Each structure stands twice: as structure tokens, then as C-alpha cells.
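What the coordinates show
Now for the letters of each chain:
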Amino acid sequence: MTPRHGTTVRLPGRVSIGILATGSYLPETEIGNDEVAAPAGVDAAWISERTGILSRRRAAPDQATSDLAIAAARRALEEAAVRAEDLQLIIVATSTPDYPQPSTASLVQGALGATGAAAFDINAVCSGFVFALSVAQRFLAQTAGGRALVIGADVYSRILNRTDRRTSTLFGDGAGAVILGDVPPERGMVADQLASFGEYADLIRVPGGGSRTPLTTEALAAGLQHFTMQGRAVREFVENHLPPAVAGFLKDAGLSPDDIDHVIPHQANGRMLDSLLPHLDLPRAVLHRTVERYGNTGAASIPITLDHANRSGRLRAGDVVLLAGFGGGMATGISVLHW
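Worth saying up front: this structure is predicted, and the values here are computed from it rather than measured.

Some thoughts on the layout of surface pockets
Approximately 980 Å³ is the volume found for the largest pocket. Around the largest pocket, the lining comprises 32 residues; the ones closest to its centre are Ser-95, Pro-97, Ile-159, Val-206 and Gly-208. Class assignment for the residues of the lining of the largest pocket results in 16 nonpolar, 12 polar and 4 charged. Along its surface, the second largest pocket is lined by 26 residues, and Arg-166, Leu-170, Gly-231, Arg-232 and Asn-269 are the ones closest to its centre. When contributions to the lining of the second largest pocket are tallied by element, the ones reaching two or more residues are helix 2 (44–51), helix 6 (165–168), helix 8 (231–252) and strand 14 (320–327). Residue composition of the lining of the second largest pocket, grouped by class: 13 nonpolar, 8 polar and 5 charged.

Following this line, the structure appears as C-alpha cells:
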């Protein structure tokens, strides 16, 4: 795999746009490694040793992705003291929507009563939240006083094959949200870089359920509704692409690795994060993690981890925060902001 990365963009606009508030929601049901291990044909120690994950959350039978997204959104709106009807835009990043249509964002808009907001989904899998953040920033930057709600939400428990140890041991359910709006010029989002690598699209996928392979009785019997991942190749992709992408991104954005105070990566796998951080060459950065407690929550993992960092008081005004998403597509999304 030859490393390459996308174009770094210094974010445009008449006003500075930043994160005003965060929120997250994790389902109540906690699933330990013992419960996941048996169907996958491994033991709990095997999971913790190879993934660093100790538990994950699972949505209740009556909860869908929109339910988790709505709960996270309400917490972010409350922290921001913003009314839902004052939102101009709602974007939900998800690869596990409630339905093929309508969009999950439309369901969120209706439940919140955000009557003035345009609403749509983005599917860039585990990079989706950073992609959605970039779109919302550009939308708001052309006007003053606007507000946007950006959510990452996934319910992977509904698409996992419980006997597949490569996937069933990793994933959990959850949602994270942020409110974007005007901030002082020295604050807010600084630059981002989005990149896609469609030549590797088969590394992570759900084969059935779309127009290529509808879910017929035969497709269901073959298990084509389940999430699949070529774990070793995915890890190789991340190790080859993300470190040079971050280095090039910082150079293009006029930043030094020493400028980064916090890094919030996609929480793919705890052992992957252990090996990845030294190669990112961010000597001062605090790495924020939630993977041990919640597993890989897809597009929700970055905003969940961001919310935990925010509510714990670890982020201070003016801190430089790097968000790094990577995953299916394949795709990478990197963003830097002044808190």
C-alpha cells in the first residue's frame, strides 16, 4: 500500500466556527468480554490481550441509531443552552442508519423539533464524524450566528456475526454530538484534511442490503447482512497511511507536532492505538481513550471520547486538539481546532 493523503484546507469563512458544547449517550446494557467470547470461540483473556477492550455497550431491543443520536443531541443542546428550533443544520454520521430511507438525521430533526434545520446523513464509516464536522463548518462559516448539530452514532450490534471473532469482539453501540457556532477568532476549527481510498473498499463492508445485493432469503441465509472486516489489512492500511497523513497535514496547516495538546483518534482497537501513537510523533499530546470501556463505536467513537475529555475538564480554552478518523471506505479524516 503506497501512502498518500488528501489536501489540507485552512478553513474558510467570514466568521470563526468552533465547538460550543458536547454530548454523548451510551446504552445502559454493558457487555463484558465473557459474554462476547463464548459465541466467538475465544476466551475473555484473548479479547483483552489482542484488543485492550474490557467492555462495550449494547442498545436495547427497542433502541435504534436515531434513539442514541437524539439522546446525545439533547445533552449537547443543554450544555450549549441552544434551542433545537434555532438550529440551521443537522448532520448524522452513521453507517448503521435506522432505515435505508428516510435519513436518520430526519428522524432526529423531527424528534427534537428542529423545524428550521436542514438534515441529512453522511456515511464515511468510522471517519464520518470528521467528514460531517468539515461540512458543517463550511455551511456555518458563510453566515454569522448560525448553529449546527453534528452527531456520530452507530449500532453495530445489529449487523455483527457473533461467531466472527475479528469483529464481534471489537464493536459497541453509542452516540456523540457537538453543537457548532461562532467563536472568537483565536478559537475554533483551523484546518482539515479528508481523503478516500476506494481501491481498498472491500477491506470493510456489509455485502448485502443495498442495490447491488438486495437482502433476499438466499442472501440472509448466506449471512450477507453481517459486517465484515479484513483485520490485518485494515491495520496495515492505518499504519501506512495515518502517520504520514498527520505529518503532512500539520506541515500544510503551518503547525508543529509540538503544538498539539490533545489527540482524539478513532477508537478502533486499544492495541492499535498503543502501537500507532509513537508513529504519530506528537510528543506533547495527551492521547484520549474510551476504547477500553466502550469498544469501537464506529462514527460515534471520536465525539464520545471528545465529550468525555470535555466533561472531565481535561480540555482548556486555547488548547490545540487534533481529531483523527480512519476506517471503512477506506477513508481518513483529520481536523485541528483551538478549544
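A short note on the packing of aromatic side chains
Going through the model one piece at a time under the given rule, you end up with 5 aromatic pairs. Judged by centre distance (5.2 Å) and plane angle (75 degrees), the ring pair of Phe-197 and Phe-237 falls under edge-to-face. Here Phe-197, found in the loop between strand 9 (188–196) and strand 10 (204–205), pairs with Phe-237, found in helix 8; they are 40 residues apart in sequence, far enough to count as distant. Here the two residues Phe-197 and Phe-237 agree in accessibility, since each one is buried.

A few points about empty space enclosed by the protein
Space left empty within the atom packing is revealed by a probe, the size of a water molecule, rolled over the atoms. The final tally for this structure, using the stated rule, is 2 cavities of 30 Å³ or more. In this model, the largest cavity occupies a volume close to 40 Å³. Every residue lining the largest cavity is listed: Gly-18, Ile-19, Val-183, Arg-187, Gly-188, Leu-337, His-338 and Trp-339. Sorting the residues of the lining of the largest cavity by element identifies strand 2 (17–25) and strand 15 (331–338) as the ones contributing at least two each. Here the lining of the largest cavity is built from residues that sort into 4 nonpolar, 3 polar and 1 charged. Looking at the second largest cavity, its volume works out to about 30 Å³. Looking at the second largest cavity, the residues that line it are Val-263, Pro-265, Leu-273, Leu-276, Leu-277, Leu-280 and Leu-287. Elements with a minimum of two residues in the lining of the second largest cavity: strand 12 (262–265) and helix 9 (270–280). By residue number, the principal contributor to the lining of the second largest cavity is helix 9, which donates 4 residues. Considered class by class, the residues forming the lining of the second largest cavity number 7 nonpolar, no polar and no charged.

What counts and what doesn't
Residues numbered from 1 in each chain as written. Predicted model: local features only at pLDDT ≥ 70, side-chain atom pairs only at ≥ 80, totals over all residues. Heavy atoms only, no water. 1 Å grid on protein atoms, 1.4 Å probe; cavity = no way out; pocket = protein on both sides within 12 Å on 5 of 7 lines; lining within 4 Å. Points joined across faces, edges and corners; volume = space filled by probe spheres on them. Nonpolar A, V, L, I, M, F, W, Y, C, P; charged D, E, K, R; others polar. Helix = DSSP H or I, 4+ residues; strand = E, 2+ residues; numbered from the N terminus. Phe/Tyr/Trp six-rings, centres within 6.5 Å; stacked < 30°, edge-to-face > 60°. Buried < 20%, exposed > 50% of the residue type's maximum accessible area, 1.4 Å probe, protein only.

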